[in-house]
Amino acid sequence: PSPSRPAIALSAVMLLTQKATSLALDIHEGVVPLQLGQGPLQHMLPLCSYLLFFPALLGGPLCSFSRFRAQAESLGPLPARSPCLWARALLLRLAYYMHWVLDEALLEVAGFGPEAGEGDLSLHDLWTLETTHRLAVFSRTWNKSTSRWLRRLVFQRCPVQPLLATFAFSAWWHGLRPGQVFGFLCWAVMVEADYRIHPFLSARATSQGVKLLYRGITWVFTQIIVAYILVAVETENFSTLCLLWASCNSILPLSYGLVLLLLLAEKLKQN
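Cut-offs and rules
Residues numbered from 1 in each chain as written. Predicted model: local features only at pLDDT ≥ 70, side-chain atom pairs only at ≥ 80, totals over all residues. Heavy atoms only, no water. Helix = DSSP H or I, 4+ residues; strand = E, 2+ residues; numbered from the N terminus. Buried < 20%, exposed > 50% of the residue type's maximum accessible area, 1.4 Å probe, protein only. Contact = heavy atoms within 4.5 Å. Areas by Shrake-Rupley, 256 points an atom, 1.4 Å probe, with all protein chains shown as cover. Salt bridge = Lys/Arg side-chain N within 4 Å of Asp/Glu carboxyl O. UniProt positions renumbered as here; feature names shortened; annotations may be inferred. Expected span 1.5 Å × (residues − 1). Bend = angle between axes of the 7 residues up to and from the residue. Phe/Tyr/Trp six-rings, centres within 6.5 Å; stacked < 30°, edge-to-face > 60°. Patch = residues over 30% accessible without salt bridge, like charges linked within 9 Å, V, L, I, M, F, W, Y side chains within 5 Å. Core = buried A, V, L, I, M, F, W, Y, C linked by side-chain atoms within 4.5 Å. Arc of directions from axis to C-beta. Axes fitted to C-alpha atoms, helices over the stretch in contact; angles between N-to-C directions. Parallel < 35°, antiparallel > 145°, perpendicular 65-115°, else oblique. Left-handed = near helix turned anticlockwise from the far one by under 90°. Nonpolar A, V, L, I, M, F, W, Y, C, P; charged D, E, K, R; others polar.

Draft legend 1. Quick look at the overall build of the protein chain. Regarding its fold elements, the protein chain presents 13 helices and 0 strands. Seen in sequence order, the protein chain has helices and strands lined up from the N terminus as α-α-α-α-α-α-α-α-α-α-α-α-α. With 271 residues in all, the protein chain has 33% of them scored as buried. For the protein chain, restricting intrachain contacts to residue pairs at least 6 apart in sequence, the fraction spanning at least 24 positions comes to 69%. For the protein chain, the exposed surface amounts to about 16300 Å²; the carbon and sulfur share of it is 68%.

Draft legend 2. Fine view of the pattern of salt bridges. With the rule as written, the count across this model stands at 4 salt bridges. Between Glu130 and Arg93 there is a salt bridge; the shortest N-O distance is 2.8 Å. Placement of the pair is Glu130 in helix H6 (residues 123-131) and Arg93 in helix H5 (residues 82-109), with a sequence separation of 37 residues.

Draft legend 3. Just the UniProt feature "transmembrane region" (unreviewed entry) in the protein chain, in detail. Here the UniProt feature "transmembrane region" (unreviewed entry) sits at residues 43-65, 212-231 and 243-265. Measuring from the first to the last C-alpha atom of residues 212-231 gives 29 Å, for a span that is 100% helix and 0% strand.

Draft legend 4. Helix H10 (residues 178-202), seen in detail. In a regular helix each residue adds 1.5 Å, so 25 residues correspond to 36 Å; H10 covers 35 Å between its end C-alpha atoms and thus fits that length. The largest bend along H10 reaches roughly 25° and is located at Asp194.

Draft legend 5. Focus on the packing of aromatic side chains. As enumerated under the stated definition, the model contains 14 aromatic pairs in all. Residues Phe167 and Trp187 carry aromatic rings whose centres are separated by 5.6 Å and whose planes lie at 40° to one another, so their mutual orientation is tilted. Here Phe167, found in helix H9 (residues 162-174), pairs with Trp187, found in helix H10; they are 20 residues apart in sequence, far enough to count as distant. For the residue pair Phe167 and Trp187, the accessibility class agrees, reading buried in each case. An angle of 65° between the planes, with centres 6.2 Å apart, marks the rings of Phe182 and Tyr228 as edge-to-face. Highlighted residues: Phe182 in helix H10 and Tyr228 in helix H11 (residues 208-234), separated in sequence by 46 residues. With a relative accessible area of 1%, Tyr228 lands in the buried category. In this structure an aromatic cluster arises from ring pairing among Tyr96, Tyr97, Trp100, Phe138 and Trp142.

Draft legend 6. View of a nonpolar patch on the surface. Together, Trp86, Leu213, Ile217, Val220 and Phe221 give the surface a local cluster of nonpolar side chains, amounting to about 410 Å² of exposed area. Among the elements that take part in the nonpolar patch, H11 stands out by supplying 4 residues, more than any other. Along the chain, the position of Phe221 falls in helix H11.

Draft legend 7. Focus on the side chain of Gln223. Residue position: Gln223 is located in helix H11. For Gln223, a relative accessible area of 3% gives the class buried. Ignoring any residue separated from it by four or fewer positions in sequence, one finds Gln223 in contact with Trp86, Arg93, Leu129, Glu130 and Thr132.

Draft legend 8. View of the nonpolar core. If you look at the biggest cluster of nonpolar residues, it comprises 37 residues, and the most contacted ones within it are Trp142 and Trp187. Residue contributions to this core peak at 9 residues, all from H11. Membership of the second largest hydrophobic core comes to 6 residues, among which are Leu23, Val32, Phe65 and Phe68.

Draft legend 9. Structural context of helix H12 (residues 238-246). For H12, the full list of buried residues reads Thr240, Leu241 and Leu244. Taken end-on, H12 shows its buried residues confined to a sector of 100°, consistent with a single buried face. Along H12, exposed side chains directed more than 90 degrees from the buried face belong to Phe238, Leu243 and Ala246.

Draft legend 10. Main features of the packing of helix H8 (residues 144-155) against H9. Two elements in contact, H8 and H9, have axes separated by 10 Å at closest approach and are oriented at 120°. Judged by the angle between their axes, H8 and H9 are oblique. In the crossing of H8 with H9, the sense of the turn from one axis to the other is right-handed. Across the interface between the two elements, Thr146, Trp149, Leu150, Leu153, Val154 and Phe155 of H8 pack against Pro162, Leu163, Ala165, Thr166, Phe169, Ser170 and Trp173 of H9.

Draft legend 11. Inspection of the packing of H10 against H12 at higher detail. One way to put it is that H10 packs onto H12 with a least axis distance of 9 Å and a crossing angle of 35°. Judged by residue contacts, Pro178, Gly179 and Phe182 of H10 engage Phe238, Leu241 and Trp245 from H12. A per-class count over the contact of H10 with H12 returns 5 nonpolar, 1 polar and no charged.

So, in structure tokens, the structure goes:
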């Protein structure tokens, strides 16, 4: 294993200790009052979110609980324009990448490191996620251990619409919040469209220049759709989800869905 991984894990444990003791002192000194009227889950969730906020665990600096809670509560509405959506999704992806790297580093320190090709994120996986022009390839590479588990548990055992069943089960498993239901079902439709659109387009990309153009455009489309899905999945309330649906960001997913319907209709005609 790389010698830098134990150092990362040790740094995370040191920062976690720093945050825990800082929070304990804030509670002891009355800076953070305990709201006893709340239920245990409502009371513990902000504290756990602060302690386990993984970007801060990777390098600090120490942020007080009061500042963390104020910043979390002051997050504005979902941005409606595509560049803002893409930037938000990029931050979400970086957070996921950091989380997976930290998890695997801690497992390595504990002696339970993944076998070759079994982890959630390697350099090869990172390259694939950021460069693939196929949404289906992105979906298989994203969170690989969970993808393999869902494939084994649902996809390989479902006799009817296994793709839709897999994403529907994933939405249920994640918690069935409005953003998760919408995001995962949209993801299923986009992957199905990906399976049908790319063979249709690649068969018509005969010259090298057209192939490069095809790959470049579909890479951009894949990145935009991934950004749309990630932001949808992370959306906490129905009103913000409606804003996302009504924004111009929905044009490309709707276009993919329409093309999927046209290709299915064409297939039925041929049969």
